[in-house]
Structure formats: C-alpha cells, structure tokens
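Topology and contacts: notes
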Amino acid sequence: MDPAFLITAFATLFVVMDPIGLTPIFIALTQDTDAAHRRAVALRACVIAAGVLMLFAFFGEAVLGFIGISMPAFRIAGGILLFLTALDMLFERRTKRRADQAEDEPFPDPSVFPIAIPLLAGPGAIATIILLTGQAGDATSVAAVLGVMLAVLAIALSLFLMAGLIERALGRTGITVVTRLLGMLLAALSVQFVLEGLRDFGLVAA
C-alpha cells in the first residue's frame, strides 16, 4: 500500500467535503436549537453521508460499466468537476450558494438534506470516492480508502459538534481564508486527475 496514495486520498476527500467550510453552514442550519438536537443532526448527517459514499465506492464502477463509461473518461470528468468546485471555493461562490441553500431550505431536521446530501456526499465527493477506489489495486487498498473517507467524516462530525466554539475562535475571515487555501489544493489535485485520465487514454506520456 502506497502511503502517498493514502495521503492524496485524504487530502482530496478533505477538500472536496470541506468540513471547515461546512461548519458555518451547519451553524446556520441548526441555529436556535439545543445542543442535543445539534448533536443528533450531526451524527445522522455523517452516518447517511458515509452510507451513500460506501454505496458508490462498491457499486459506482459497475454502474459506469453498465452504461458504457470507462474509468479514464470518468476520471477526466471527475477532475473537471473537482476543478469547478475549486473555482467556487476560491471565488466564494460555493459558500454563497450554501448560505443561500441554508436560507431557502429551513427544514427542522436538515441532516439528510442538505447536510448529508449534497453538502457532504455531493457530486464531487461521489466522483472522488469512485476515482479513488478505482485506483486502489486490491481489497486492502479499497478498505484503506474507505477508512480515510470515514476519518474525514469523523473530522466533519467533530467540527460540527464544536461548531459554536469554532465560530467564535476563527471568525468569518478565518473561515474564508482556510476555504480559499483548500480551494487552491483542490485545483491542483483535480488537474492531476485529468492528467491521469489522459495518460490512461494514451494522450499524455507517463
């Protein structure tokens, strides 16, 4: 098992799920509720997101094969999708869209929608988990990728549970700075996905 692959998997999933950027949205969606309700929403959202991502980790490539999409093609498409997500993060469009979603969808229990889907297990995260499990060479590597995914969700859960404290500590400016740094990293990783897809097609030298 390549440690560099696991580090890349963690970094990619972390910036795609963006638990730091999601924290203020979680606060907005659970404001005016008690601590017990906030904990329940956080736990339920992370468990549902884990289930959705595991489903695509195990069956995503089979579904792609059934409809005739190759993994190199999906890798290129996933890279482009991740790059667009990075642009949203860099220019704050993603944060604004999530904030608007929080205002437009005032559900009493936002754990399933919009926190679990599509904020945690959105198109970017689904594409990433399919790409990473496709790159994993054996069952052990796939299990490691799933472990990394669960670790990222555990971080998201921890941040959600500490949402009030983090909000006071970082402030709006601090969260914006961290989100933009993550966007830069995601942009570089998404280009790497595209290059790997092109290499699999033989269009780029290894």
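Everything in this summary refers to the structure shown in the same document. (Residues numbered from 1 in each chain as written. Predicted model: local features only at pLDDT ≥ 70, side-chain atom pairs only at ≥ 80, totals over all residues. Heavy atoms only, no water.)

Turning our eyes to something else, we now look at the overall build of the chain. Broken down by element type, the chain carries nine helices and zero strands. Of all 206 residues assigned to the chain, the portion counted as buried reaches 47%. Counting contacts in the chain only where the partners sit at least 6 residues apart, residues at least 24 apart contribute 86% of the total. A total of about 10,100 Å² of accessible surface is found on the chain, and carbon and sulfur atoms cover 69% of it. (Helix = DSSP H or I, 4+ residues; strand = E, 2+ residues; numbered from the N terminus. Buried < 20%, exposed > 50% of the residue type's maximum accessible area, 1.4 Å probe, protein only. Contact = heavy atoms within 4.5 Å. Areas by Shrake-Rupley, 256 points an atom, 1.4 Å probe, with all protein chains shown as cover.)

With the rule as written, the count across this model stands at two aromatic pairs. Their ring planes at 5 degrees and their centres at 4.4 Å tell us that Phe26 and Phe160 sit as a pair that is stacked. Taken as a pair, Phe26 in helix α2 (residues 19-29) and Phe160 in helix α8 (residues 139-161) lie far apart in primary sequence, 134 residues in all. Grouping residues by exposure puts Phe26 and Phe160 together as buried. (Phe/Tyr/Trp six-rings, centres within 6.5 Å; stacked < 30°, edge-to-face > 60°.)

Its place among the elements puts Arg38 in helix α3 (residues 35-66). We classify Arg38 as buried; its relative accessible area is 18%. Beyond its immediate sequence surroundings of up to four residues, Arg38 is in contact with Phe26, Ile27, Thr30, Gln31, Thr33, Phe160, Ala163 and Gly164.

Attention shifts here to the packing of α2 against α8. Two numbers describe how α2 lies on α8: the axes approach to 9 Å, and their chain directions differ by 35 degrees. Relative to α8, α2 is oriented so that their crossing is right-handed. Touching Pro19, Ile20, Leu22, Thr23 and Phe26 of α2 are Ile155, Ala156, Leu159 and Phe160, all from α8. By residue class, the composition of the contact of α2 with α8 is eight nonpolar, one polar and no charged. (Axes fitted to C-alpha atoms, helices over the stretch in contact; angles between N-to-C directions. Left-handed = near helix turned anticlockwise from the far one by under 90°. Nonpolar A, V, L, I, M, F, W, Y, C, P; charged D, E, K, R; others polar.)

Looking now at the pattern of salt bridges. According to the stated counting rule, one finds two salt bridges in the structure shown. The shortest N-O distance in the salt bridge between Arg44 and Asp109 comes to 3.1 Å. Of this pair, Arg44 sits in helix α3 while Asp109 sits in the loop between α5 (93-104) and α6 (111-120); the two residues are 65 residues apart in sequence, bridging distant segments of the chain. When its relative accessible area of 35% is taken as the criterion, Arg44 is described as partly exposed. Classification of Asp109 as partly exposed rests on a relative accessible area of 33%. (Salt bridge = Lys/Arg side-chain N within 4 Å of Asp/Glu carboxyl O.)

Moving on to unusual backbone geometry. Note the cis peptide between Phe113 and Pro114, where omega equals 10 degrees. Structurally, Pro114 can be placed in helix α6. In the Ramachandran plot, Asp18 falls in the positive-phi region, its phi being about 50 degrees despite a non-glycine side chain. A residue is classified by how much of its surface remains accessible, and Asp18, at 1% relative accessible area, is buried.

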